[in-house]
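# Geometric and topological summary
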Amino acid sequence: QVQLVESGGGLVQAGGSLRLSCVCSGRTFSSFGMGWFRQAPGKEREFVAAITWSGGSTGYGDSVKGRFTISRRNAENTVYLQMNSLKPEDTAVYYCAADRGRYTTVRLTAADYDYWGQGTQVTVSS
């Protein structure tokens, strides 16, 4: 059974930074592509960032390019999302997701992912 547990969310002022972590249970983390999505109240789930299972490729949503960085540490079964220059519009619940497909390109849509965490709230005050 694969479980994903996010942490690191919280309240931050605009311009500040947060680092989200997502720990994956099980021994297959290194074969999973990983992604971060977010959902604000009344809005659809939005792609934020993704990294391939090899770590060789990353991708970002247009609204976070240049501000967010995704990375992974397979020895710790963890994927990170470093968020800098945060804006009030970044306020949302952030979800970690894993795909089993061993794709060589990052997956950009929620339907491509097989496992999801429970989410962590990020609130950016103006």
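Reference entry: report on the structure contained in this document.

Definitions and cut-offs
- Residues numbered from 1 in each chain as written.
- Predicted model: local features only at pLDDT ≥ 70, side-chain atom pairs only at ≥ 80, totals over all residues.
- Heavy atoms only, no water.
- Disulfide = S-S within 2.5 Å.
- Helix = DSSP H or I, 4+ residues; strand = E, 2+ residues; numbered from the N terminus.
- Buried < 20%, exposed > 50% of the residue type's maximum accessible area, 1.4 Å probe, protein only.
- Salt bridge = Lys/Arg side-chain N within 4 Å of Asp/Glu carboxyl O.

## A closer look at the state of the cysteines
Applying the stated criterion to the full structure yields 1 disulfide. Cysteine 22 shares a disulfide with cysteine 96; S-S distance 2.1 Å. With the S-S bond torsion at -75 degrees, the cross-link from cysteine 22 to cysteine 96 turns out left-handed. Residue cysteine 22 is found in strand 3 (residues 18-24), and its partner cysteine 96 is found in strand 9 (residues 92-99); the two are separated by 74 residues along the sequence. In this structure, cysteine 22 and cysteine 96 share a single accessibility class: buried. Lacking any disulfide linkage, cysteine 24 is separated from the closest cysteine sulfur, that of cysteine 22, by 6.9 Å. In this structure cysteine 24 comes out as buried when scored by relative accessible area, which is 2%.

## Here we look at the pattern of salt bridges
One pass over the structure, following the stated rule, counts 7 salt bridges. Arginine 38 is the salt-bridge partner of aspartate 90, the closest N and O atoms lying 2.9 Å from each other. You can see aspartate 90 sitting in the loop between strand 8 (78-83) and strand 9 and its partner arginine 38 sitting in strand 4 (residues 33-39), a full 52 residues away along the chain. In this structure, aspartate 90 and arginine 38 share a single accessibility class: buried. Each of Arg38, Glu46, Arg67 and Asp90 takes part in one network of salt bridges that share partners.

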